[in-house]
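Now for the letters of each chain:
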Amino acid sequence: MTFREVEDKARSEWETLQNRIYITISTATCGRAAGALDIADLINKELARRSMEIPVIETGCMGLCYAEPLVTISKLESLRIVYHNITPELVPRLIDGYILGDDPCLELALGTLETEGENGPYIPELSRFEHELRLILRRCGYIDPKNIYHYIANGGYRGLDKALRMSPEEIIGKVKGSGLRGRGGAGFPAGSKWELCRTAKDTPKYVICNGDEGDPGAFMDRVILESDPQQVIEGMIIAGYAIGAREGYIYVRAEYPLAVERTQVALRQAKELGFLGDDIMGSGFGFHIEIAKGAGAFVSGEATALVSAMEGRRSEPRPRPPRLAEAGLWAKPTLLNNVKTFSYVPLIIEWGADWFSGIGTKRSKGTAVFALAGKVNNPGLTEVPMGTTLREIVYDIAGGMQNGKRFKGVQIGGPSGGCLPESLLDTPVDFDSLREAGSMMGSGGMIFMDEGDCAVDTAEFFLDFVTRESCGKCTMCRLGTLHLLHILEDITKGRGKMEDIDLLLALAEDVKGGSLCGLGSTAPNPILTTLRYFRDEYEAHIGEKRCPALVCKELIAYYILPEKCDRGCEHCVLVCPTEAIKGGKGEVKVIDQNKCSKCSSCLQVCPPEYNAVVKLSPISELPP
Ligand SMILES: Cc1cc2nc3c(=O)[nH]c(=O)nc-3n(C[C@H](O)[C@H](O)[C@H](O)COP(=O)(O)O)c2cc1C
Ligand code: SF4
Ligand code: SF4
């Protein structure tokens, strides 16, 4: 079949679907965690019970993770409505109300996809979407990732069709002209990397997609593979053609079973339709892709360590040069790019380098995908033009801070990045602005903190992570990060000395300079940025033995305010796991500080009308 014929078939399948009632449900990992599979199962059972034959299609993630499970009902000549936070009890209501009847159940709806007006919010006009520009997320949550025709009907494989009629040099010229920089962290210009691989003399050459994604708080690449794997595959095939490779690998961590499963199906379908194999679409060009499952270590995401893992060795980074473009997998020229980097390629080929470079900032072109996690109201996934400010992301897209609390900071780019404070909320997110602020784009994880989070404790969390994940090859990374961690532990436990701050700064420089790979050389970033922007908190921990955010256990105490305690109630006594709370019925309750494990249970159960349990810091403030 020619591409046109495949496209016609895909379009007609898609149109047939649009011309009938059908239901989609987001069953990516986030949806599953919220119970989407049970909802899908129940919908199928309820439809069968009513002898109704209506397709129920499992899709990927719309990026609205806070609203899962999400169910969309598409009805012929009627509204397409997205329902959110669907529970099993609501399923019969939706079926009887909107599928059998004419009641759109708007009280359960997040919004409509078709028309604006009186029918509840129009989804594309929700504040979040007004600030977004979805390029590589645009199909996520709307198509069935296990149906290649859905992808093709929505623009898929047009980029490859066009690319195969171009010369490899023309393709590389387009990628270069677009200004696309790698989305795996360092932001290396993709086109230059492709050119290096193209001009490398040795053969065979390989293409590798890096889907390791080991940073805490990051889930962008998983969502793309679970929601729209064909676009990654298409980008890789174009890359293979451009550099002269015949084999490609998608490296995904084994802890992402759904991403692996959906990518496997996508590869099989692409092969069946002739987009992969020996003679792709009759062009004479052959390309094959396999999945390489990784064992999920942060360091395995580093390019040379990843190659080492694929060769069956320990995933330890090695010095560069030689670069992977010269000597990568099996010492052959290898092009390694991130999941998102490959995803942009079909669009750049189809819509042009100028179109892409017209989006974003001077040196950071296109869009950036971020995983929003932490204390915001609407965690999830977003795609925004480069240059969008942090403030827009926090307040317009992520819905502001939970419980009306104050924004304190955002850790960007996982452990390699840094923590930016409220005063930098107007920083545009792009490679250079973030680096200037002391952080970095990294792979795109953002963890938001409010006034209840402690800057020193946050730095300790990330240091603890990198010490465990260090491959141990470099002394400075293996022992230097551990030493940094021990100093932070001393500070959070009230054993810190003022000289520790200078020691942290000096050791941070040594660790940066003495580490072979990015893991070690960026490990001190969370310390350096929290010291730069929240130094007063370090000083309070050390000088006053006080944790201003009331987080560090050794520096806080739980106390029951006698004047507020309702003597008749015993909630705290019953819940305390260490029997630290004394006082019988009718008596004021008192916490025995020697027995208290600081689990916070009493604070959580004390009824809001009394609010008698408080946290104090420093401990010396405890009344006798
Ligand atoms: C410790 C460490 C972990 C990394 N993890 C990832 C990862 O999970 N995914 C990724 O694409 N790049 C990761 N990188 C960056 C890769 O080394 C490499 O730069 C990137 O995959 C290249 O693709 P790009 O040019 O498309 O960004 C990591 C780097 C370091 C130092
Ligand atoms: S910096 Fe750390 S993770 Fe990187 S090679 Fe050295 S020891 Fe291994
Ligand atoms: S739960 Fe609160 S009000 Fe009740 S006994 Fe404990 S401290 Fe007093």
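What counts as what
- Residues numbered from 1 in each chain as written.
- Chains lettered and ligands numbered in written order.
- Predicted model: local features only at pLDDT ≥ 70, side-chain atom pairs only at ≥ 80, totals over all residues.
- Heavy atoms only, no water.
- Disulfide = S-S within 2.5 Å.
- Buried < 20%, exposed > 50% of the residue type's maximum accessible area, 1.4 Å probe, protein only.
- Helix = DSSP H or I, 4+ residues; strand = E, 2+ residues; numbered from the N terminus.
- Pairing = 2+ DSSP bridges.
- Core = buried A, V, L, I, M, F, W, Y, C linked by side-chain atoms within 4.5 Å.
- 1 Å grid on protein atoms, 1.4 Å probe; cavity = no way out; pocket = protein on both sides within 12 Å on 5 of 7 lines; lining within 4 Å.
- Points joined across faces, edges and corners; volume = space filled by probe spheres on them.
- Nonpolar A, V, L, I, M, F, W, Y, C, P; charged D, E, K, R; others polar.
- Near = heavy atom within 4 Å.
- Polar contact = N/O pair within 3.5 Å; in protein donor to acceptor, adjacent residues only side chain to side chain.
- Areas by Shrake-Rupley, 256 points an atom, 1.4 Å probe, with all protein chains shown as cover.
- Sits in = over half its atoms within 2 Å of the grid points.

Q: Looking at this model, I keep getting lost on the state of the cysteines. Mind explaining?
A: In protein chemistry, a disulfide is the covalent bond that joins the sulfur atoms of two cysteines. For the coordinates displayed, the defined rule picks out zero disulfides. Of all cysteine sulfurs in the structure, the one in C454 sits closest to C419, which takes part in no disulfide; the separation is 10 Å. Note on C419: relative accessible area 2%, which makes it buried. C596 carries a free sulfur, and the closest cysteine sulfur to it, the one in C602, is 6.3 Å from it. Relative accessible area serves as the criterion here: at 17%, C596 is assigned to the buried category.

Q: I keep staring at the pairing of strand β10 (residues 367–374) and nothing clicks. Help me out?
A: The two faces of a sheet get side chains in turn, since along a regular strand they alternate between them. Of all the eight residues making up β10, seven are buried; the element is thus mostly covered by neighbouring parts of the structure. Of the pairings in the sheet, the one linking β10 to strand β11 (residues 380–385) comprises six bridges and is antiparallel in character. Residue pairing across strands places A368 opposite V384, the latter belonging to β11. Counting the residues that bridge the hairpin from β10 to β11 gives five residues. Sheet topology note: the β10/strand β14 (residues 445–450) ladder contains four bridges and is parallel. Along β14, the bridge assignment pairs A371 with G445.

Q: Is there a simple way to explain the nonpolar core in this structure?
A: For soluble globular proteins, nonpolar side chains are generally found buried alongside one another. I152, Y157, I171, W194, I237 and F275 are the most contacted members of the largest nonpolar core, which has 80 residues in total. Looking at this core, the element that brings in the most residues is helix α11 (residues 229–243), giving nine residues. Within the second largest apolar cluster, 30 residues are counted, among which are V299, A459, F465 and I491.

Q: Would you take a moment to explain the layout of surface pockets for this structure?
A: In this approach the atoms are scanned with a rolling probe the size of a water molecule, which exposes any empty space left behind. The calculated volume of the largest pocket comes to roughly 1200 Å³. Lining the largest pocket we find 47 residues, and of these G184, G185, A186, A303 and R320 sit closest to its centre. Of all the secondary-structure elements, those providing two or more residues to the lining of the largest pocket are α9 (190–199), β9 (334–338) and α21 (518–522). Broken down by element, the lining of the largest pocket gets its largest block of residues, five residues, from β9. Across the lining of the largest pocket, the residue classes break down as 16 nonpolar, 20 polar and 11 charged.

Q: Please clarify how the site of ligand 1 should be interpreted in this entry.
A: Close contacts around ligand 1 come from 18 residues, with G184, K193, E213, N338 and T341 the closest. Contact between ligand 1 and N338: an oxygen atom at 2.8 Å from a side-chain N or O atom of the residue. A distance of 2.7 Å is found between an oxygen atom of ligand 1 and a side-chain nitrogen or oxygen belonging to T341. Considered on its own, ligand 1 offers 610 Å² of accessible surface; in the complex 89% of this is hidden by protein. More than half of the atoms belonging to ligand 1 lie within 2 Å of the grid points that define the largest pocket. Elements supplying a minimum of two residues to the shell around ligand 1: β9 and α21. In terms of residue count, β9 provides more of the shell around ligand 1 than any other element does, three residues in total. Per-class residue counts for the shell around ligand 1 are four nonpolar, nine polar and five charged.

Q: I tried to follow the site of ligand 2 on my own but got confused; where do I start?
A: Close to ligand 2 lie 13 residues, the nearest being C471, K473, C474, C477 and C517. A breakdown of the residues in the shell around ligand 2 according to their chemical character gives eight nonpolar, four polar and one charged.

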